[in-house]
Amino acid sequence: MELLDRYLQAVRKYLPLRRQDDIIAELRANMESQIEDRESEFGRPLTQGEFDDFLRKMGHPMVVASRYQPQQYLIGPTIFPMYLYVLRIALLWVFVICMIVAAVVTPLTTPGAQSVFDALLRIPGILIQTAAWITLVFAAFDFARTRYPSVGSQIEGVNKNWSPSSLPPLTKDATRAGKGRSFAQAVIEIVFSALFLVWLLLIPKHPFLMLGPGVAYLQSAPYQLSPAWWSFFWCVVALNVIQIVWKSIDLVRGQWQSSGPMQQILFKVFGLVPITVLLTAPDHNYISLKNPAVDAAHYGQNLSQINNGIHLAFSVICAIVVLQLSFDLAKWIWEHYRNRIAAG
Amino acid sequence: MTVAETTFENLRLELRRGCLTLAVLAQLKQEHYGYTLRKELAEHGLEIDESTLYPLLRRLETQGLLASEWREEDKRNKRFYRLSTDGEHILARLLDEWNAINSSVSRILDAPNAEIK
């Protein structure tokens, strides 16, 4: 019987405190009756092996005790979808805000790459804290709701008297479902892309096409564009050529209805190339003086401020594109995963 | 265990869960303590694990469907359960529901175009 005592002691450890003695006394009475029954059936005491088998069949002490717990979960099935939805949205927004703080606000307030790196390292901790707080709030709500059904009875998903007319209107995506781009739209897109490319290629020889009368001011100003802009320009041209070729191939293959998510993601990745080219320009030199020997004393200070301003502007653009890209990529992975689950 | 077997096992447990409650309530029209109740159910062809039955009795008592008392029998203190007044009403309604479901399923299976037999 020592093994029975040890077993009950192990069960007791996981039982609700207030009912431990009562449950253990009942379990003991039932188990002892069962053992007695078996012993009278066999006409002898149970062997060690038979006793082991009996206890094994009863189940692990933790499992046995768990069945006596009133609530086996933190967040029940009724409000779990709402919890998951809130958690997803909150984590996404916290991540976006943290990234903006790390990539834009931190460099402005604390110079140096180390401060950005430190800010990035803090993000996982912040995300975990956010998830923990949301889980705690929902667990407390569900705990209160199961004990006091009136709590939160008007909340969406819990309210049994909900009205179907209160459902949100169809989203733009749903109303458009099945309606892709027409052939004419696809052709017009390619034609305008080609015209844009021609315009782009004409700009170096005819800057008037871009700046209009401002060209005269630029010609008289003491500043000129640095070679980094040429690298940027040719990257933009290459990007446009790739897009036109890709869209033309889609048109020939009869796949003009909609561009796939992977294609959109790739275009965004390509879009990062010209920005990176500018950001990595030597000494952040975007504008230089036409005659440094003459104008350095007068315009040198302004020049430095302009170059820093341009660098900061492109840093912000880069951060925004990276965030968009991360969001699209996460969305694509999620869609992919959902489709795979749906396909079984 | 294959996926199909796991699915079957989960569905079987789901199906049994409600039936067991009904059987326990029905059996407790007569007073029993845990072990004898389990033996009675087994004799009627309904095997049930101890680790399922004993907590179920507690839960039904908390819900007011069973009444219990500690009493000495064979020199041992045992907790005896029986159906409460509320439990009798609930059992009657559950039995109506059970019979209705049973008849419906039978009619579906007996229908001329039923493929599952």
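Quick caveat, the model's predicted, so the values are computed rather than measured.

Undergrad: Could you give an account of the overall build of chain B, naming the residues involved and the relevant values?
TA: Each helix and strand counted, chain B has 4 helices and 3 strands in total. For chain B, the sequential pattern of α-helices and β-strands runs α-β-α-α-β-β-α. Here the contacts in chain B between residues at least 6 apart in sequence split such that 40% fall between residues at least 24 apart.

Undergrad: Can you lay out the pairing of strand 2 (residues 66-73) of chain B for me, pointing to particular residues and giving the numbers?
TA: Residue and element names in this part refer to chain B. Here strand 2 runs beside strand 3 (residues 76-83); their pairing, made up of 8 bridges, is antiparallel. What sits directly across from Trp70, in strand 3, is Arg79. In this structure, the hairpin formed by strand 2 and strand 3 is closed by a connection of 2 residues, where Asp74 is found at a positive phi of approximately 50 degrees.

Undergrad: Lay out the interface of chain A and chain B with the relevant residues and their values.
TA: Residue-level contacts link 14 residues of chain A with 13 residues of chain B. Per-element accounting of the side of chain A that touches chain B gives the leading share, 8 residues, to helix 2 (residues 20-42) of chain A.

Undergrad: Kindly report on the pairing of strand 3 of chain B, identifying the contributing residues and their values.
TA: Pairing of strand 1 (residues 32-33) of chain B with strand 3 of chain B, which is carried by 2 bridges, proceeds in the antiparallel orientation. Paired with His32 of chain B across the bridge in strand 3 of chain B is Tyr81 of chain B.

Undergrad: Tell me about the environment of Phe232 of chain A, and please be specific about residues and values.
TA: Residue placement: Phe232 of chain A occurs in helix 11 (residues 228-252). Taking C-alpha positions, Phe232 of chain A is 9.9 Å from Ala281 of chain A, a pair spaced 49 residues apart along the chain.

Undergrad: So what about the environment of Ile48 of chain B? Which residues, and what values?
TA: Residue and element names in this part refer to chain B. Mapping Ile48 onto the fold places it in the loop between helix 2 (34-43) and helix 3 (50-62). Along the backbone, Ile48 and Leu37 are 11 residues apart, and their C-alpha atoms lie at a distance of 10.0 Å. Excluding residues that lie within four positions of it along the chain, Ile48 makes contacts with Leu20, Arg38, Leu41 and Leu53.

Undergrad: With reference to specific residues and values, describe the sheet that holds strand 3 of chain B.
TA: Across the sheet, which stays open at both edges, the 3 strands sit in the order 1-3-2 (chain B) with antiparallel pairing between neighbours. Of all the strands in the sheet, the pair left with one neighbour each is strand 1 and strand 2 of chain B.

Undergrad: Please give an account of the packing of helix 12 (residues 261-279) of chain A against helix 13 (residues 292-343) of chain A that cites residues and values.
TA: Residues and elements named next belong to chain A. Following both chains from N to C, one finds helix 12 and helix 13 inclined at 160 degrees, their axes separated by 10 Å at the closest point. Taken together, the axes of helix 12 and helix 13 are roughly antiparallel relative to one another. Two packed elements cross with a definite hand, and for helix 12 against helix 13 that hand is left-handed. Across the interface between the two elements, Pro261, Met262, Gln264, Ile265, Lys268, Val269, Gly271, Leu272, Ile275, Leu278 and Leu279 of helix 12 pack against Phe314, Ser315, Ile317, Cys318, Val321, Gln324, Leu325, Asp328, Leu329 and Trp332 of helix 13.

Undergrad: Explain the confidence of the model for chain B to me, and be specific about the residues and the numbers.
TA: Model confidence for chain B is summarised by a mean pLDDT of 90, while 96% of its residues fall at 70 or above. Both scores are given for the predicted complex: the pTM is 0.54, the ipTM 0.78.

Undergrad: Explain unusual backbone geometry to me, using residue names and the numbers behind them.
TA: Residue and element names in this part refer to chain A. One non-glycine residue with positive phi stands out, namely Asp283, at about 55 degrees. Within the secondary structure, Asp283 is located in the loop between helix 12 and strand 2 (287-289). Judged by C-beta crowding, with 9 C-beta atoms within 10 Å, Asp283 ranks as exposed.

Undergrad: Before we move on, could you go through helix 2 of chain B and cite the residues and values that matter?
TA: Taken residue by residue, helix 2 of chain B has Gly34, Tyr35, Leu37 and Arg38 of chain B as its buried positions. When helix 2 of chain B is viewed along its axis, its buried side chains cluster within an angular range of 160 degrees and face the same direction. Those residues of helix 2 of chain B that are buried are in contact with helix 2 of chain A together with helix 1 (3-27), strand 1 and helix 3 of chain B.

Undergrad: Explain the nonpolar core to me, and be specific about the residues and the numbers.
TA: In terms of nonpolar packing, the biggest core is built from 23 residues, with Val11 of chain A together with Leu25, Leu28 and Leu66 of chain B touching the most fellow members. Elements with a contribution of two residues or more to this core: helix 1 (2-13), helix 2 and helix 4 (61-66) of chain A together with helix 1, helix 2, helix 3 and strand 3 of chain B. Ala228, Leu278, Leu303 and Phe314 of chain A belong to the second-largest nonpolar core, a separate cluster that totals 7 residues.

About the criteria used
Residues numbered from 1 in each chain as written. Chains lettered and ligands numbered in written order. Predicted model: local features only at pLDDT ≥ 70, side-chain atom pairs only at ≥ 80, totals over all residues. Helix = DSSP H or I, 4+ residues; strand = E, 2+ residues; numbered from the N terminus. Contact = placed C-beta atoms within 7 Å. Pairing = 2+ DSSP bridges. Axes fitted to C-alpha atoms, helices over the stretch in contact; angles between N-to-C directions. Parallel < 35°, antiparallel > 145°, perpendicular 65-115°, else oblique. Left-handed = near helix turned anticlockwise from the far one by under 90°. pLDDT = per-residue confidence, 0-100. Buried ≥ 20, exposed ≤ 12 C-beta atoms within 10 Å, placed from the backbone. Arc of directions from axis to C-beta. Core = buried A, V, L, I, M, F, W, Y, C linked by C-beta atoms within 7 Å.

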